[in-house]
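Examining the three-dimensional arrangement
Here are the chains, one letter per residue:
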Amino acid sequence: LIHFTLTAQTQNRTGGWFAILNSIKLSKKVTIQADFHYRTSDAWQHLQTLIIRPGIAYRFNPNFWTVLGYNHLNSRTTISGHTSYLEENQIWEQLWYRHPLQKFTVTHRISFEQRFVPTAILEGTKVKSSGSQYVNRFRYWLRFMHPFKYEKTFTQGLYGILQEELFLNFGNISAVNAHSFDQS
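Figured I'd write up the structure that's included with this text. (Residues numbered from 1 in each chain as written. Predicted model: local features only at pLDDT ≥ 70, side-chain atom pairs only at ≥ 80, totals over all residues. Heavy atoms only, no water.)

**Here's the deal with the pattern of salt bridges**
Using the following cut-off: A pair is scored as a salt bridge if a Lys or Arg side-chain nitrogen falls within 4 Å of a carboxyl oxygen belonging to Asp or Glu. For the purposes of this entry, the term helix denotes a DSSP run of H or I that reaches at least four residues, the term strand denotes a run of E that reaches at least two, and both are numbered from the N terminus. Any residue under 20% of the maximum accessible area for its type is buried, any over 50% is exposed, and the rest in between are partly exposed; the area is computed with a 1.4 Å probe on protein chains only.
All chains considered together, the criterion is met by 6 salt bridges. Among the ionic pairs, arginine 137 bridges to glutamate 113, the shortest N-O distance being 2.6 Å. Of the two residues, arginine 137 sits in strand S8 (residues 126–147) while glutamate 113 sits in strand S7 (residues 104–123), which places them 24 residues apart along the sequence. The residues arginine 137 and glutamate 113 share a single accessibility class, namely buried. Two residues, arginine 139 and glutamate 113, come together in a salt bridge whose shortest N-O distance is 2.6 Å. Taken together, the positions of arginine 139 in strand S8 and glutamate 113 in strand S7 put the pair 26 residues apart, joining distant regions of the chain. The exposure class assigned to arginine 139 is buried, which follows from its relative accessible area of 13%. For glutamate 113, a relative accessible area of 3% corresponds to the buried category. Where salt bridges share partners, they join Arg109, Glu113, Arg137, Arg139 and Glu165 into one cluster.

See the structure below:
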């Protein structure tokens, strides 16, 4: 469970993220993933986004793998003070690479998302979707993990993580925030 405060220009938002991450190993190389995310907004008063994220992973070796998946999102959308939840669908592909760097384990993830973003409209007092628009997103995630008790082959115990992710929209960027650089 993570608590965070976002600051963007003049906006302050406080919310929380709750996630359940599951993986089922089908063979030495193939794994099924099923993630569920519940994200809140407005100091935990509202569900902001619900994400269901199944995928299938193939491991080329223990440090290099790929994942193909699908996201179904229900996101809270507000227009002129009226709120509803709209659905977004995404298909995504990922490449993962993990390697040691001194006493750290470094993980890189490159993702491509094909997003079908709802077009929100206000009909009377109801927020509705008038269809969806297609947009692409590139993501690069970098993580440094360091165990608090160093062992050459770390498998369990307490550890610290430093990570960052870069989001870049391309294609029909007017369907999202009209910027190539999305967030980091």
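From this point, the discussion proceeds with the structure in view.
**Section: a nonpolar patch on the surface**
Our working rule: For patch building, the residue pool is restricted to those with more than 30% relative accessible area and no salt bridge; the joining distance is 9 Å between like charges and 5 Å between nonpolar side chains (Val, Leu, Ile, Met, Phe, Trp, Tyr). Only the protein chains shown count as cover for residues, and all accessible areas are computed by the Shrake-Rupley method using a 1.4 Å probe.
Taken together, Ile24, Leu26, Ile32, Ile56, Leu68, Tyr70, Ile91, Phe116 and Tyr134 make up a surface patch of nonpolar side chains, about 790 Å² in accessible area. With respect to the helices and strands, the residue leucine 26 is situated in the loop between strand S2 (11–25) and strand S3 (30–41). Leucine 26 sits in the exposed class, given a relative accessible area of 52%.

**Details of the pairing of S7**
Worth spelling out the cut-off: Pairing between strands requires that DSSP locate at least two bridges from one strand to the other.
Both strand S6 (residues 82–101) and S7 contribute to a ladder of 13 bridges, which runs antiparallel. Note on S7: the bridge partner recorded for glutamine 90 is arginine 115. Between S6 and the antiparallel strand that follows it, S7, lie 2 residues; glutamine 102 among them carries a positive phi value of about 55°. Taken together, the 18 bridges between S7 and S8 define a ladder with antiparallel strand orientation. Looking across to S8, one finds that glutamate 123 is bridged to lysine 126. Hairpin remark: S7 followed by S8, antiparallel, with 2 residues in the connecting loop; positive phi at glycine 124, about 70°.

**Some points on the environment of serine 174**
Locating serine 174 in the fold gives a position in the loop between strand S9 (159–170) and strand S10 (181–183). Judged by relative accessible area, which is 55%, serine 174 ranks as exposed.

**Some points on the nonpolar core**
This is how the line gets drawn: Here, the term nonpolar core denotes a set of buried Ala, Val, Leu, Ile, Met, Phe, Trp, Tyr and Cys residues that are joined through side-chain atoms within 4.5 Å.
One finds Ala57, Trp65, Val67, Trp92, Trp96 and Trp141 forming the largest nonpolar core, which totals 6 residues. Counting only elements with at least two residues in this core, the list comes to strand S5 (64–79) and S6.

**Side note on the side chain of asparagine 71**
Cut-off, in case you're wondering: What qualifies as a polar contact is a pair of N or O atoms within 3.5 Å, subject to a donor-acceptor requirement within protein and to the restriction that residues adjacent in sequence count only when both atoms come from side chains. We call two residues contacting when some pair of their heavy atoms lies within 4.5 Å.
Note that asparagine 71 resides in strand S5. Judged by its relative accessible area of 3%, asparagine 71 falls in the buried class. Side-chain polar atoms of asparagine 71 contact the side chain of tryptophan 92, separated by 2.8 Å. Setting aside anything within four residues of it in sequence, one finds asparagine 71 in contact with Ile52, Arg53, Glu88, Asn89, Gln90 and Trp92.

**Structural notes on the packing of aromatic side chains**
Given two aromatic rings, one states the distance between the centres and the angle between the planes to describe the pair. For clarity, the threshold we go by: Here is the rule: rings of Phe, Tyr and Trp (six-membered ring for Trp) pair when centre to centre is within 6.5 Å. Planes less than 30 degrees apart are stacked, more than 60 are edge-to-face, and the remainder are tilted. Any Lys NZ or Arg CZ that is within 6 Å of a ring centre and within 35 degrees of that ring's normal is treated as a charge sitting over the ring.
For the structure on display, the rule yields 7 aromatic pairs. Here tryptophan 96 and tryptophan 141 contribute two aromatic rings whose centre-to-centre distance is 5.3 Å and whose plane-to-plane angle is 65°, an arrangement assigned as edge-to-face. One end of the pair, tryptophan 96, is in strand S6; the other, tryptophan 141, is in strand S8, and 45 residues separate them in sequence. In this structure, arginine 39 packs its charged tip against the face of tryptophan 17, placed 3.9 Å from the ring centre. Sitting over the ring of tryptophan 65, arginine 59 keeps its end group 4.2 Å from the ring centre.

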